[in-house]
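Listed below, chain by chain, are the residues.
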Amino acid sequence: RLILLTAPIGSILGGIALGRIFVWCMSQLWGKPFGVSVASVTTTSTTDIPTASLVEPSSKSKKTKKSKRNQTVHEKSSFEGFAKLKEAVDSASKSSEGIIVKRTISVILLVVMYITGGSFTRYCWSLSQSLSNPTIIQKGRTRDGGVVVIDDYREAYWWLRDNTPEDSRIMAWWDYGY
């Protein structure tokens, strides 16, 4: 039951992730954000981001100010490490080698998504074909590869036909298998 409830959520989140990967790949190949005009794209540096933790209220006691100051220095240094890492990655990706690497990765991702999507489509079509023709006779295979015809339902219907009166009513209970 949990899978029935979470499957739509997982499908939606997976679709959003694949859509963002696709947009990123296309923007790498076209050189600008895919589907967005160049005039509407603005960039912000890491120094433009306001940090509320750096502002200290003056009504606090000295002890809390000192602990807050130590905490903000620690948070600031952690943020600076990530900011420097981001700046290094951005500068490396803007070089000619970085652009080639990003375009190569985007082509590889697009090919993998195309192949995976094609195999998933074929699997869905074969599954829909096998489920669209329900039957009471099924075929199975043994461990040594032999074909076994499973016709228990048909035999049960024959038994009911042969061993019960014409006007009898049959009650059946189907268990979900919990």
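Residues numbered from 1 in each chain as written. Predicted model: local features only at pLDDT ≥ 70, side-chain atom pairs only at ≥ 80, totals over all residues. Heavy atoms only, no water.

**Points about the overall build of the chain**
We count it as follows: Every helix listed is a DSSP run of H or I at least four residues long, and every strand listed is a run of E at least two residues long, numbered separately from the N terminus. Residue contacts are counted whenever heavy atoms from the two residues lie within 4.5 Å of one another. Residue exposure ignores everything except the shown protein chains as possible cover, and the areas themselves are Shrake-Rupley values with a 1.4 Å probe.
Within the chain, the secondary structure is distributed over 4 helices and 2 strands. In the chain, the succession of α and β elements from N to C terminus is α-α-α-β-β-α. If you take every contact in the chain between residues at least 6 apart in sequence, the share linking residues at least 24 apart comes to 42%. Roughly 16,000 Å² of accessible area belongs to the chain as shown, and the carbon and sulfur atoms make up 64% of that amount.

**Overview of helix α1 (residues 2-30)**
The cut-off we apply is this: Helix span, as expected, comes to 1.5 Å for every residue beyond the first.
Taking 1.5 Å of rise per residue, the 29 residues of α1 would be expected to cover 42 Å, and the 42 Å separating its terminal C-alpha atoms lies within 8% of that figure. Two residues or fewer past α1, G31 is found with a positive phi of approximately 85°.

**Points about the environment of W30**
The criterion, for reference: Burial classes follow relative accessibility: with a 1.4 Å probe on protein chains only, a residue under 20% of its type's maximum area counts as buried, one over 50% as exposed, and anything between as partly exposed.
Inspection of the secondary structure assignment puts W30 in helix α1. Classification of W30 by relative accessible area gives exposed; the value is 54%. Distance in space between the C-alpha atoms of W30 and R103 is 9.4 Å, their sequence separation being 73 residues.

**Let's talk about the pairing of strand β1 (residues 138-141)**
Residues in a regular strand project their side chains so that they alternate between the two faces of the sheet. Filter applied, for reference: The pairing criterion is simple: DSSP has to find at least two bridges between the two strands.
Relative to strand β2 (residues 147-150), β1 is paired through 4 bridges, and the arrangement is antiparallel. Bridging across to β2, R141 finds its partner in V147.

**What to know about the side chain of D151**
Here is the rule we go by: Identification of polar contacts relies on pairs of N or O atoms within 3.5 Å, with a donor-acceptor requirement for protein atoms, meaning one able to donate a hydrogen and the other able to accept it, and with residues adjacent in sequence counted only if both atoms are side-chain atoms.
Tracing the chain through its elements places D151 in the loop between β2 and α4 (152-163). A distance of 2.7 Å separates polar atoms of two side chains, one belonging to D151 and the other to R154. Other than its neighbours up to four places away in sequence, D151 contacts I136 and I137.

**Describing a nonpolar patch on the surface**
Our working rule: Candidates for patches are residues over 30% relative accessible area with no salt bridge; among them, like charges are joined within 9 Å and nonpolar side chains (Val, Leu, Ile, Met, Phe, Trp, Tyr) within 5 Å. The term salt bridge refers to a side-chain nitrogen of Lys or Arg lying within 4 Å of a carboxyl oxygen of Asp or Glu.
Taken together, the side chains of L18, I21, W24, V101, I105 and L109 make up a nonpolar region of the molecular surface, amounting to roughly 480 Å² of accessible area. At the level of secondary structure, the elements contributing two or more residues to the nonpolar patch comprise α1 and α3 (96-132). For I105, a relative accessible area of 41% translates into the label partly exposed.

**Here's the deal with the packing of α1 against α3**
What counts, and what does not: As a rule, the C-alpha atoms of each element are fitted with a line to give its axis, helices using only the stretch in contact, and angles between N-to-C directions run from 0 to 180 degrees. Throughout, the term roughly parallel applies to angles under 35 degrees, roughly antiparallel to angles over 145, roughly perpendicular to angles from 65 to 115, and oblique to all others. It is the rotation of the near helix from the far one that decides the hand of a crossing: anticlockwise by less than a right angle makes it left-handed, clockwise makes it right-handed. The nonpolar class holds Ala, Val, Leu, Ile, Met, Phe, Trp, Tyr, Cys and Pro. Asp, Glu, Lys and Arg form the charged class, and all remaining residues, Gly among them, are polar.
For the pair α1 and α3, the least separation of the axes is 9 Å and the interaxial angle reads 135°. One element, α1, and the other, α3, form an angle in the oblique class. Remark: the crossing between α1 and α3 carries left-handed chirality. Across the interface between the two elements, L18, I21, F22, W24, C25, M26, Q28 and L29 from α1 touch K102, R103, I105, S106, V107, L109, L110 and M113 from α3. A breakdown of the residues in the contact of α1 with α3 according to their chemical character gives 12 nonpolar, 2 polar and 2 charged.

**Brief notes about the pattern of salt bridges**
Applying the stated criterion to the full structure yields 3 salt bridges. A salt bridge links R154 to D151, with the nearest nitrogen and oxygen atoms 2.7 Å apart. Given a relative accessible area of 28%, R154 falls into the partly exposed group. Its relative accessible area of 11% is what places D151 among the buried residues.

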